[in-house]
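One letter stands for each residue in the lines below.
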Amino acid sequence: MGHIISSFPSFEKEFKDNSFLAANPKRTEALRAYFAQGGVVSLSRRPQGWPKLVYPSQDRILSQKAEVTEVRKTLMIKKRSWEKKREQALNYHKNNHLKKFAEPLYWKHQLRIAVDKDYRDDTDRVKLPTHLVADPRWKPLIKTFLENMEYRKQLTETIQTSIAYKGDKHLAQYADDIISFREDISGKELKELDRKIDSLDRILSALNQMELWAKD
């Protein structure tokens, strides 16, 4: 009948003559890791060397490996998604800088800047983010600013007087803050996902050693 053990200290206590541990350090580390994850083993003594692994059986270990692999696969999908978001955030300004040249609205703005001093002054006061004209979230604002003088004057006054813009009187800061926030969030998510994936890799490595033990 096997000995039910649920921790490495209990294992060492049960098998006081455990000089066999040195003969297979990988198995020893795998057993420690298995216990650390809440695993339970059933062992039977042998005349010498490592005891026989009664539980988990080879089939049970294969089942555990499949479960962990499936979780890892899900985390990898999430990681690729967050990597894409982070890459988009990191390249946001570079991509929009290139895209703006294909926008007719950008060239209309440049022409207006050249011939209309009042428009040029208002643009400077609000720091109009024309470099983001290709972004669907900013294009309508820039278009209205260009075509509607009443809107332009109201927006200019708001930015100059509103407490919301105190100490940072330009629209582009909002865009920069959003991108910085996305970079920060995606970085934190990726760090946490890497931590979880590394943990699962250690579990899989331990289960591989446990599988070899089950065959022994």
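Computed from a predicted model, the values in this text were never measured in an experiment.

Engineer: When you look at the overall build of the protein in this model, what are you seeing that I'm missing?
Structural biologist: Within the protein, the regular secondary structure consists of 9 helices and 3 strands. Order of helices (α) and strands (β) in the protein, N terminus to C terminus: β-α-α-β-β-α-α-α-α-α-α-α. Long-range contacts, defined as pairs at least 24 residues apart, comprise 68% of the intrachain contacts of the protein with a sequence gap of at least 6. Just so you have it, the protein exposes about 13400 Å², and 54% of that area is on carbon and sulfur atoms. Within the protein, one finds 41 positive and 31 negative side-chain charges whose respective centroids are separated by 3 Å.

Engineer: Looking at this model, I keep getting lost on the packing of aromatic side chains. Mind explaining?
Structural biologist: When we look at a pair of aromatic rings, we describe it by the centre distance and by the angle of the planes. Enumeration according to the criterion identifies 11 aromatic pairs in this entry. When the ring of Phe-8 is compared with that of Phe-11, the centres are 5.6 Å apart and the planes differ by 35°; the resulting orientation is tilted. In this pair, Phe-8 and Phe-11 both sit in helix 1 (residues 8-14), 3 residues apart, roughly one turn of the helix. One exposure class covers both Phe-8 and Phe-11, and it is buried. Here the aromatic rings of Phe-11 and Phe-20 are separated by 6.2 Å at their centres, their planes lie at 90°, and the arrangement is edge-to-face. For Phe-20, a relative accessible area of 10% corresponds to the buried category. Put simply, the rings of Phe-8, Phe-11, Phe-15, Phe-20, Trp-50 and Trp-213 pair up and form one aromatic cluster.

Engineer: Would you mind going over the sheet that holds strand 3 (residues 52-55) with me for this structure?
Structural biologist: The strands that make up a sheet are held in pairs by hydrogen bonds between backbone atoms, and each pair lies either parallel or antiparallel. Here we have 3 strands laid out as an open sheet, ordered 1-2-3, and antiparallel in their pairing. Each edge of the open sheet is held by one strand with a lone partner, namely strand 1 (3-5) and strand 3. Strand-to-strand twist in this sheet, taken as the mean axis angle between neighbours without regard to direction, amounts to 40°. Bridging between strand 1 and strand 2 (residues 41-44) involves 3 bridges; their strand directions are antiparallel. Looking across to strand 2, one finds that Ile-5 is bridged to Val-41.

Engineer: So what exactly am I meant to see when it comes to the nonpolar core here?
Structural biologist: Counting 25 residues, the largest nonpolar core has Phe-11, Leu-31, Val-41, Leu-43 and Leu-53 as the members making the most contacts within it. Broken down by element, the residue count for this core peaks at 9 residues, all from helix 9 (residues 172-215). The residues contacting Phe-11, other than those within four sequence positions of it, are Ile-5, Phe-20, Leu-21, Leu-31, Phe-35, Leu-43, Trp-50 and Pro-51. Ranked by size, the runner-up nonpolar core spans 18 residues in total, among them Tyr-92, Val-126, Ile-142 and Ile-159.

Engineer: Can you walk me through unusual backbone geometry in this structure?
Structural biologist: Residues apart from glycine generally show negative phi values, whereas peptide bonds are mostly found in trans. Cis geometry marks the peptide bond from Tyr-55 to Pro-56, where omega comes out at 5°. Positioned with a positive phi, Lys-127 is a non-glycine residue whose angle comes to about 55°. Along the polypeptide, Lys-127 turns up in the loop between helix 6 (117-126) and helix 7 (139-147). For Lys-127, a relative accessible area of 41% puts it in the partly exposed group.

Engineer: Would you mind showing me how to read the pattern of salt bridges here?
Structural biologist: Pairing is possible between side chains that carry opposite charge, provided their charged atoms lie close to one another. Across all of its chains, the model carries 21 salt bridges by this definition. In this structure, Asp-116 engages Arg-112 in a salt bridge whose closest nitrogen and oxygen atoms are separated by 2.9 Å. Overall, Arg-112 belongs to the partly exposed group, its relative accessible area being 25%. With a shortest N-O distance of 3.0 Å, Lys-143 and Glu-147 are connected by a salt bridge. One end of the pair, Lys-143, and the other, Glu-147, are both in helix 7, 4 residues apart, so they sit about a helical turn from each other. Salt bridges here are not isolated pairs; linked through shared partners, they connect Asp-118, Asp-122, Arg-125, Arg-152 and Lys-153.

Basis of the calculations
- Residues numbered from 1 in each chain as written.
- Predicted model: local features only at pLDDT ≥ 70, side-chain atom pairs only at ≥ 80, totals over all residues.
- Heavy atoms only, no water.
- Helix = DSSP H or I, 4+ residues; strand = E, 2+ residues; numbered from the N terminus.
- Contact = heavy atoms within 4.5 Å.
- Areas by Shrake-Rupley, 256 points an atom, 1.4 Å probe, with all protein chains shown as cover.
- Lys, Arg positive; Asp, Glu negative; His and termini not counted.
- Charge placed at Lys NZ, Arg CZ, Asp CG, Glu CD.
- Phe/Tyr/Trp six-rings, centres within 6.5 Å; stacked < 30°, edge-to-face > 60°.
- Buried < 20%, exposed > 50% of the residue type's maximum accessible area, 1.4 Å probe, protein only.
- Pairing = 2+ DSSP bridges.
- Axes fitted to C-alpha atoms, helices over the stretch in contact; angles between N-to-C directions.
- Core = buried A, V, L, I, M, F, W, Y, C linked by side-chain atoms within 4.5 Å.
- Salt bridge = Lys/Arg side-chain N within 4 Å of Asp/Glu carboxyl O.

Read these as spatial facts, not as claims about activity.
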